[in-house]
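This is what each chain is made of:
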Amino acid sequence: MSGYDDLAQHIGELNDVLNAISILKWDQRTQMPSGGARTRGNQLATLSRIAQEMFIGTTTARLLETAEAEVAGEPSESYRVRSVAQTRQYYEIVRRIPMQVIADMAALSPESQLVWERAKKTDDFALFAPYLQRMLDFNKALADAVGYSDHPYDGLVFEYEPSMTASKLKVLFADLRAGLIPLLGRIVANDTPLPVDLWRHTYDIPKQKAFALEVAQQFGYDLQRGRLDIAPHPFEVSFTREDVRITTRYSDHYLPMALFGSLHETGHALYEQGVDPALTRSALTTDFLGQYAVGGTSYGAHESQSRLWENQIGRSRAFWVQHFPRLHEYFPEQLAEADDELFYRAVNRVQPSLIRVEADEVTYNLHIMLRVEIEMGLLDGTFQVSELPEVWRSKMQEYVGVAPTTDSNGVLQDVHWSGGGFGSFPGYTVGNVMSAQLLAAAHRDVPDLDNALAGADYAPLLSWLTENVYRHGRAYSASELLQRTTGQDLTVGPYMTYLTEKFADLYAFTI
Ligand code: ZN
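All of the points below concern the structure found in this document. Owing to the predicted nature of the structure, the values given are computational and were not obtained by experimental measurement.

Turning our eyes to something else, we now look at the pattern of salt bridges. Considering all chains together, one arrives at 33 salt bridges under this definition. Across the salt bridge formed by Arg82 and Glu480, the nearest N and O atoms sit 2.8 Å from each other. Here Arg82 is found in helix H4 (residues 79-96), whereas its partner Glu480 is found in helix H19 (residues 478-486), with 398 residues between them in sequence. By relative accessible area, Arg82 is classed as buried at 16%. A salt bridge links Glu337 to Arg200, with the shortest nitrogen-to-oxygen separation between them at 3.3 Å. Here the residue Glu337 occupies a position in the loop between helix H12 (317-330) and helix H13 (340-346), and Arg200 occupies one in the loop between helix H8 (166-190) and helix H9 (205-219), the gap between them amounting to 137 residues. Of the residues examined, Glu337 reaches a relative accessible area of 40% and is grouped as partly exposed.

Given below as structure tokens:
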């Protein structure tokens, strides 16, 4: 054994414990009877404490020092060097995180979520406000402890998006706003209702599942190392690349919910299944902060893959030309009035709405921008908690063009803040923007990619993504992955081009 191997063995065991925690969480969200909640909480707390002790104990410190000495002088981009450096980086960060704050937050969370649910049901923001204030105070304390140089948000967003900062986010959203708001205006001006409502029919759920799984497998999802279950709040989770699970939820009528939900989670799963086998149980597939972006390098990088497969592929005309006939075989009566073109239009209709999770591709990032501005504003004192309902209404009107009449459909709609989570929202938009940059790079590198996609041959795209993104696990940051593949950092150009071309065509206006 060497210093490096000893460290790798230690991290491998930590990785085992973290994956056991993830399996318990998967079970909790898909299978567990509600009566199991309390003891499951105990089990998770115990295993989390064990993981914590394994990671920040003196063993890690000792092994890190010898491993650092051993890899010194090796190429800076090698997995060995990256692995040791990342272990060191997170070792220092996790040691700075005040455990009392985490414990207090975890203790408040169940009650806070319960109160949030009640407040949402009764449209009573004042009921939830004191809990939001306490969660905000915890997050301020966390940001201070982790440290930041410019904006407290930097100390929080780091957990989800290590290469992102408040100042970079402000530029990103300003660029998006400049493109999205005029684009939305032209779409709304040209909107006409579709001739038929396809979602008034009933769609058999086992058939919905069968179709989604067929497509997922055509994309490349390996069911020998995966499975699809039902969850009220869908997610993907992996316990190493050998066991990568997805979940979805079904509506009897609204076919797109489970279908695009499944394709979204399939994109996450392809990322996890595509990680280099050599990185299994290594620091480069270990989520030291327990944030679920397990094998992937960040929330945004992960979301770039879910959105690429769900939207840029799954909501494309080429996709529906190929796959509509098969869907029609499953639902001949329900889709009797439709053809591929009508279906394509139906799943791409842009409708400014109040609810983020129902938003289309054009308005989605505006919903995210609003939340990120509020999170930053709360942290730096621009906004007070009590002002949020009004801030929400005026920003919704300004960005999306509609404003809620209730707080239930406004500031109370998302679960995130009630559990104390601040800083995860930017990942959704980073993912959208990144997905277009990566797909543009794939088009540049892969000859005839359009032809392959038009023939429902997804292997060339999957192999480019695997080679350039998936196999590296967490070895490179989102920013480095972009630099390596596109020569640029995150930039909105390719994403705005994608949206503008697609929706100018759908809504018949010239650019
Ligand atoms: Zn996702």
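Membership of the largest hydrophobic core comes to 160 residues, with the highest contact counts inside it found for Trp309, Trp320, Phe343 and Leu461. Here the element with the most residues in this core is helix H6 (residues 125-146); it accounts for 11 residues. Leave out the neighbours within four places in its chain, and Trp309 touches Phe219, Leu263, Gly267, Leu270, Gly314, Tyr458, Leu461, Leu462, Leu465 and Tyr470. Judged by nonpolar contacts, the second largest core, of five residues, contains Trp26, Ala231, Val237 and Phe239.

This next bit is on the sheet that holds strand E3 (residues 244-248). On the basis of which strands lie adjacent, the open sheet formed by three strands has the order E1-E3-E2 and mixed pairing. Across the chains shown, the open sheet's two edge strands, defined by having one partner strand only, are strand E1 (226-230) and strand E2 (236-238). With direction set aside, neighbouring strand axes in the sheet form an average angle of 20 degrees. As defined by bridge partners, E2 adjoins E3 across three bridges and the pair is classed as antiparallel. Its bridge partner lying in E3, Ser238 is registered against Val244. Contacts from helix H10 (residues 255-273) reach E1, E2 and E3 within the one sheet, and its direction differs from that of E3 by about 165 degrees.

Glancing now at the side chain of Lys502. For Lys502, the position within the fold is in helix H20 (residues 493-506). For Lys502, a relative accessible area of 9% translates into the label buried. Reaching out from Lys502, the side chain makes a polar contact with the side chain of Glu361 at a distance of 2.7 Å. If we ignore the near neighbours within four places in the chain, the residues touching Lys502 are Asn311, Arg315, Tyr344, Asn348 and Glu361.

Here we take up the coordination of the zinc ion. Within the first shell, the zinc ion binds the protein through His264 (NE2), His268 (NE2) and Glu303 (OE), at distances of 2.1 to 2.4 Å. Within one chain, the residues donating to the zinc ion are spaced in sequence as H-x3-H-x34-E. In this pair, His264 and His268 are both assigned in helix H10, four residues apart and thus about one turn of the helix distant.

Next up on the list: unusual backbone geometry. Even without being a glycine, Asp123 presents a positive backbone phi close to 55 degrees. In this fold, Asp123 is placed in the loop between helix H5 (99-122) and H6. Of note, Asp448 is a non-glycine position whose phi angle comes to about 60 degrees, a positive value. Secondary-structure assignment places Asp448 in the loop between helix H16 (426-445) and helix H17 (449-454).

Its 20 residues place the ends of H16 28 Å apart at the C-alpha level, agreeing with the 28 Å of an ideal helix rising 1.5 Å per residue. Within H16, 16 of the 20 residues are buried, which leaves it mostly tucked inside the rest of the structure.

Where H8 contacts helix H14 (residues 364-380), the two axes come as close as 10 Å, and the packing angle between them is 145 degrees. Pair H8 / H14 crosses with left-handed handedness. Mapping the contact onto sequence places Ala166, Leu169, Lys170, Phe173, Leu176, Arg177, Leu180, Ile181 and Leu184 in H8 and Asn365, Leu366, Ile368, Met369, Val372, Glu373 and Met376 in H14. Here the contact of H8 with H14 is composed, by residue class, of 12 nonpolar, one polar and three charged.

This part covers the environment of Gly473. By the secondary structure assignment, Gly473 is in the loop between helix H18 (459-468) and H19. Exposure remark for Gly473: the relative accessible area of 1% places this residue in the buried category. With 235 residues separating them in the primary sequence, Gly473 and Ser238 have C-alpha atoms 12 Å apart.

Now for the packing of aromatic side chains. Aromatic ring pairs are described here by two measures, namely the spacing of the ring centres and the angle between the planes. For the coordinates displayed, the defined rule picks out 28 aromatic pairs. Measuring from ring centre to ring centre gives 5.0 Å for Tyr160 and Tyr299, while their planes differ by 70 degrees; the resulting arrangement is edge-to-face. One end of the pair, Tyr160, is in the loop between helix H7 (154-157) and H8; the other, Tyr299, is in helix H11 (residues 299-313), with 139 residues separating them in the sequence. For the ring pair Trp320 and Phe343, a centre distance of 4.6 Å and an interplane angle of 55 degrees mean the geometry is tilted. Of the two residues, Trp320 is situated in helix H12 and Phe343 in helix H13; the sequence distance between them amounts to 23 residues. Each of the two residues, Trp320 as well as Phe343, counts as buried. The ring centre of Tyr428 lies 5.4 Å from the NZ or CZ of Arg356, which sits over that ring. Of note, Arg484 hangs over the ring of Tyr476, and the distance from its end group to the ring centre comes to 4.0 Å.

Cut-offs and rules
- Residues numbered from 1 in each chain as written.
- Predicted model: local features only at pLDDT ≥ 70, side-chain atom pairs only at ≥ 80, totals over all residues.
- Heavy atoms only, no water.
- Salt bridge = Lys/Arg side-chain N within 4 Å of Asp/Glu carboxyl O.
- Helix = DSSP H or I, 4+ residues; strand = E, 2+ residues; numbered from the N terminus.
- Buried < 20%, exposed > 50% of the residue type's maximum accessible area, 1.4 Å probe, protein only.
- Core = buried A, V, L, I, M, F, W, Y, C linked by side-chain atoms within 4.5 Å.
- Contact = heavy atoms within 4.5 Å.
- Pairing = 2+ DSSP bridges.
- Axes fitted to C-alpha atoms, helices over the stretch in contact; angles between N-to-C directions.
- Polar contact = N/O pair within 3.5 Å; in protein donor to acceptor, adjacent residues only side chain to side chain.
- Donors = N, O, S within 2.8 Å, 3.2 Å for Na, K, Ca; no water.
- Expected span 1.5 Å × (residues − 1).
- Left-handed = near helix turned anticlockwise from the far one by under 90°.
- Nonpolar A, V, L, I, M, F, W, Y, C, P; charged D, E, K, R; others polar.
- Phe/Tyr/Trp six-rings, centres within 6.5 Å; stacked < 30°, edge-to-face > 60°.
- Lys NZ or Arg CZ within 6 Å of the ring centre and 35° of its normal.

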